[in-house]
Amino acid sequence: MFILDDGIRLSAQLDMPENGAEKCPLVLLIHGFTGYKEEPHIRAVAKEFLQTGCAVLRADMYGHGQSDGTFENHTLYKWLTNILSLIEYARKQDFVTDLYLCGHSQGGLAVILAAGMAHDLIRGLIPLSPAIMIPEGARQGTLLGQQFDPEHVPDQLISWDGRILKGNYVRVAQTLYPEQAMERYTGPVLLVHGDEDEAVPLQCSVDAAKRFANAELRIIEGDDHCYGRHLDQVTRAVGDWMRRQMQ
């Protein structure tokens, strides 16, 4: 299905829990930079949430997957308005008892920022390998493995897969401060991160766990950014945490 964000169509998939409950929590699940809602690690985490008795709403963000917009024009502002529209949609569903946010990589950063904005609406937060370093990298002129003058942002950058990204992505990121969102959101948080993550330093989650008021950190030893080695440990950590929240 498609959910509208001010005329932008967001491709989304809503799955109901395996126990057939008429009312249940809902997890909004967001992919990362260059990702989409059908990636193996996203689907595996979604399946685990369904087994705990939660519904899951997976969505492609602006310029990704089957949603409207182009990759080169996407920014974190656009992703945040996408997520706020998805939250609005979820709150209108009669079956939803509580709302959780979960996101991977850039999606993990985005849900942290969104939780700070909508802290009164979010029951729990699950950032997976969150790319919290993006805003500071944009301010320092180090992003996507490239160096640039942060005071004179280039018209475009090239992502690791060769796709063009406009300079507005950097300009937007420079204005964002995830630390403020972490301090504003005081609900329960589970951070999951592989200790051999090649894209996002483990230290991002270590530091975040200290800044959140109520956070747990699960380090997956020997695993990478998208959990290509120990995905079962990731899903187990997510499932165990969620079951405790629902008791």
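First, a word on scope: everything that follows refers to the structure included in this document. (Residues numbered from 1 in each chain as written. Predicted model: local features only at pLDDT ≥ 70, side-chain atom pairs only at ≥ 80, totals over all residues. Heavy atoms only, no water.)

**Focus: the sheet that holds strand S11 (residues 189–194)**
Alright, step 1. Taken in spatial order, the eight strands of this open sheet run S1-S2-S4-S3-S5-S6-S11-S12, and their pairing is mixed. In this open sheet, the two edge strands, each paired with only one partner strand, are strand S1 (2–5) and strand S12 (215–220). Between one strand axis and the next, the sheet turns by 25° as a mean value, whatever way the strands run.
Alright, step 2. Of the pairings in the sheet, the one linking strand S6 (residues 124–128) to S11 comprises two bridges and is parallel in character. Bridged to Leu 125 within S11 is Val 189. (Pairing = 2+ DSSP bridges. Helix = DSSP H or I, 4+ residues; strand = E, 2+ residues; numbered from the N terminus. Axes fitted to C-alpha atoms, helices over the stretch in contact; angles between N-to-C directions.)

**Quick notes on unusual backbone geometry**
Alright, step 1. One non-glycine residue, Thr 34, lies in the positive phi region at around 70°.
Alright, step 2. Mapped onto the elements of the fold, Thr 34 is located in the loop between strand S3 (24–30) and helix H1 (40–52).
Alright, step 3. By relative accessible area, Thr 34 is classed as partly exposed at 24%.
Alright, step 4. For Leu 144, which is not glycine, the phi torsion reads 55° and is therefore positive. (Buried < 20%, exposed > 50% of the residue type's maximum accessible area, 1.4 Å probe, protein only.)

**Remarks on H1**
Alright, step 1. Between its first and last C-alpha atoms H1 spans 19 Å; for 13 residues at 1.5 Å apiece the expected length is 18 Å, and the two agree.
Alright, step 2. Among the residues of H1, His 41, Ile 42, Val 45, Ala 46, Glu 48, Phe 49, Leu 50 and Thr 52 are the ones counted as buried.
Alright, step 3. Buried residues along H1 sit in contact with strand S2 (8–15), S3, strand S4 (55–59), strand S5 (96–104), S6 and helix H8 (231–245).
Alright, step 4. Where H1 ends, the next residue or the one after it, Gly 53, has phi of about 105°, a positive value. (Expected span 1.5 Å × (residues − 1). Contact = heavy atoms within 4.5 Å.)

**Some thoughts on the environment of Asp 155**
Alright, step 1. Along the chain, Asp 155 turns up in the loop between strand S8 (146–147) and strand S9 (156–158).
Alright, step 2. Note on Asp 155: relative accessible area 69%, which makes it exposed.
Alright, step 3. C-alpha separation for the pair Asp 155 and Ser 85, spaced 70 residues apart in sequence, amounts to 29 Å.
Alright, step 4. Setting aside anything within four residues of it in sequence, one finds Asp 155 in contact with Leu 165, Lys 166 and Gly 167.

**A word on the packing of aromatic side chains**
Alright, step 1. Applying the stated criterion across every chain yields a total of four aromatic pairs.
Alright, step 2. Aromatic pair Phe 33 and Trp 160: ring centres 5.0 Å apart, planes at 55°, arrangement tilted. Of this pair, Phe 33 sits in the loop between S3 and H1 while Trp 160 sits in the loop between S9 and strand S10 (164–166), placing them 127 residues apart in sequence.
Alright, step 3. The exposure class assigned to Phe 33 is buried, which follows from its relative accessible area of 9%.
Alright, step 4. Exposure remark for Trp 160: the relative accessible area of 59% places this residue in the exposed category.
Alright, step 5. It is Arg 9 that lies over the ring of Phe 2; its NZ or CZ is 4.2 Å from the centre.
Alright, step 6. Taking the ring centre of Tyr 177 as reference, the NZ or CZ of Arg 139 above it sits at 3.9 Å. (Phe/Tyr/Trp six-rings, centres within 6.5 Å; stacked < 30°, edge-to-face > 60°. Lys NZ or Arg CZ within 6 Å of the ring centre and 35° of its normal.)

Limitation: the analysis is restricted to geometry and does not speak to function.
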